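Coordinate analysis (summary)
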Amino acid sequence: MNRYWSKQIEVLDPYTPGEQPQDQQYIKLNTNESPYPPSPAVVEALKNFPCESLRRYPDPESDQLVTALAEYHDVDPQQVFVGNGSDEVLAHAFQAFFRQDYPILFPDISYSFYPVYCRLYQIEYRQPALDESFRINIQDYASVNGGIIIPNPNAPTGIALATGALRELLADNPESVVIIDEAYVDYGAESAITLIPEFPNLLVVQTFSKSRGLAGLRLGYALGQDHLIEALQRVKNSFNSYPIDSITSTVALASIADEEYFQQCRKQVMASRDRLSSLLQQLGFEVFPSSSNFVFVRHADAAAETLYRELKSTGILVRYFNKARIDNCLRISIGNDPECDALIAALHKILT
Ligand SMILES: Cc1ncc(COP(=O)(O)O)c(C=O)c1O
């Protein structure tokens, strides 16, 4: 251990994000970014941004942005919390709700940042196993616990739970905060937001990184009843008063205002996903049913790691997880149609 480090730093196991190579132009199908640029309204807002205002600190409460998100989702502004990417919102939520006497629960195959936060905040966790077809069994979460977090749709499987199952999960666990991480919800799953008035233990987390094509902006948010939002604000105001800079607020407001473009992009991604899924099936892949902007696939005859490497050498990046149960699967983000076609052509060459 370095003699200058705090003791806890040594035991941290930091998250490894998907590759963001700077060395060459890849077709990037590895980090679930949007294949489409942000709305033209965003570009216009950036062009017209009053740079002079940057000498001032931003509004610490991001009131305008919070109000716009509240209107968009039909909740009260007191039910909205914004943060620097949903990763930051999630980190604050782990800190605010999950430091309890019992382990928290999340699926054995899900977003790999969750165990990282657990280490950071010294939270015990248990990971109920997905079934053979990578589905979540809600009954596995009906035991005493310190909290529950589930991505819906799940990542990296892309499989979604219906609102009925989420309602059962929330009703079974009235003493725990249940976080539904909806990073990919805009690609065909049902949002749990409609359940907020009914369940004081529900926190829904969403992001601008995927369906709004703004991963580089870093904006995420949580929706839930006032008492949960107040806890998040207490953590945030003990950590960084200004997580949302003034450029981010301006850009996000422009994105929210352009509903037509948002709908067009997410529908196009869903159409490309369905097309890519059937092309992959024709190449002998098993494609798990995706409600996301990625597909999770495996091939009966070809090892996933080999496919990952060979695709990379032809300039196409997909995500391979060297992890028990899924080390023969690939997660492929949905690109635009020419990118999907290039992937299929490359796979065809590799497999035949
Ligand atoms: C399930 C899930 N949640 C949250 C995030 C974090 O998104 P961001 O911090 O970009 O909002 C991701 C990113 O890939 C994700 O897959």
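Before going into details, it helps to say that this report is about the structure given with it.

What counts and how
Residues numbered from 1 in each chain as written. Predicted model: local features only at pLDDT ≥ 70, side-chain atom pairs only at ≥ 80, totals over all residues. Heavy atoms only, no water. Helix = DSSP H or I, 4+ residues; strand = E, 2+ residues; numbered from the N terminus. Rg over C-alpha atoms; globule rule 2.2 N^0.38 Å. Buried < 20%, exposed > 50% of the residue type's maximum accessible area, 1.4 Å probe, protein only. Areas by Shrake-Rupley, 256 points an atom, 1.4 Å probe, with all protein chains shown as cover. Lys, Arg positive; Asp, Glu negative; His and termini not counted. Charge placed at Lys NZ, Arg CZ, Asp CG, Glu CD. Near = heavy atom within 4 Å. Polar contact = N/O pair within 3.5 Å; in protein donor to acceptor, adjacent residues only side chain to side chain. 1 Å grid on protein atoms, 1.4 Å probe; cavity = no way out; pocket = protein on both sides within 12 Å on 5 of 7 lines; lining within 4 Å. Sits in = over half its atoms within 2 Å of the grid points. Core = buried A, V, L, I, M, F, W, Y, C linked by side-chain atoms within 4.5 Å. Patch = residues over 30% accessible without salt bridge, like charges linked within 9 Å, V, L, I, M, F, W, Y side chains within 5 Å. Salt bridge = Lys/Arg side-chain N within 4 Å of Asp/Glu carboxyl O. Pairing = 2+ DSSP bridges. Axes fitted to C-alpha atoms, helices over the stretch in contact; angles between N-to-C directions.

Here we look at the overall build of the chain
Within the chain, the regular secondary structure consists of 11 helices and 12 strands. Compactness check: the chain gives a C-alpha radius of gyration of 20 Å against a globular reference of 20 Å for 352 residues, within 12% of the reference. Taking the principal axes of its C-alpha atoms as reference, the chain extends roughly 55 × 55 × 50 Å. Burial statistics for the chain: of 352 residues in total, 52% are counted as buried. In the form shown here, the chain has an accessible surface area of approximately 16400 Å², with 49% of it arising from carbon and sulfur atoms. Averaging the locations of the 28 positively and 44 negatively charged side chains of the chain gives two centres separated by 6 Å.

Considering the site of the ligand
The local shell around the ligand consists of Gly-85, Ser-86, Asp-87, Leu-90, Tyr-111, Asp-181, Ala-183, Tyr-184, Thr-207, Ser-209, Lys-210 and Arg-218. Here an oxygen atom of the ligand and a side-chain polar atom of Ser-86 are 2.7 Å apart. Lys-210 is positioned with one of its side-chain polar atoms (N or O) 2.9 Å from an oxygen atom of the ligand. In the complex, 92% of the free accessible area of the ligand, which totals 400 Å², lies under the protein chains. In this structure, the ligand is accommodated by the largest pocket. When residues of the shell around the ligand are assigned to their parent elements, the largest contribution, four residues, is made by helix H4 (residues 85-97).

Remarks on the nonpolar core
Val-82, Phe-134 and Leu-202 are the most contacted members of the largest nonpolar core, which totals 50 residues. Ranked by the residues each element gives to this core, the list is headed by helix H3 (residues 63-73), at five residues. Membership of the second largest hydrophobic core comes to 34 residues, among which are Tyr-184, Tyr-261, Phe-294 and Val-318.

As for a nonpolar patch on the surface
A cluster of nonpolar side chains, Met-1, Tyr-4, Trp-5 and Ile-9, forms an exposed patch at the surface whose accessible area comes to about 480 Å². Among the secondary structure elements, Met-1 is positioned in the segment before helix H1 (7-11).

Overview of the sheet that holds strand E1 (residues 27-29)
Spatially, five strands are ordered E1-E11-E12-E10-E9 in an open sheet, and the strand pairing comes out mixed. With partners counted over all chains shown, the strands left at the sheet margins are E1 and strand E9 (285-287), one partner each. Across the sheet, the mean angle from the axis of one strand to that of its neighbour is 35°, orientation sign disregarded. Here strand E10 (residues 294-299) runs beside strand E12 (residues 330-333); their pairing, made up of four bridges, is antiparallel. The residue of E12 that forms the bridge with Phe-294 is Ser-333.

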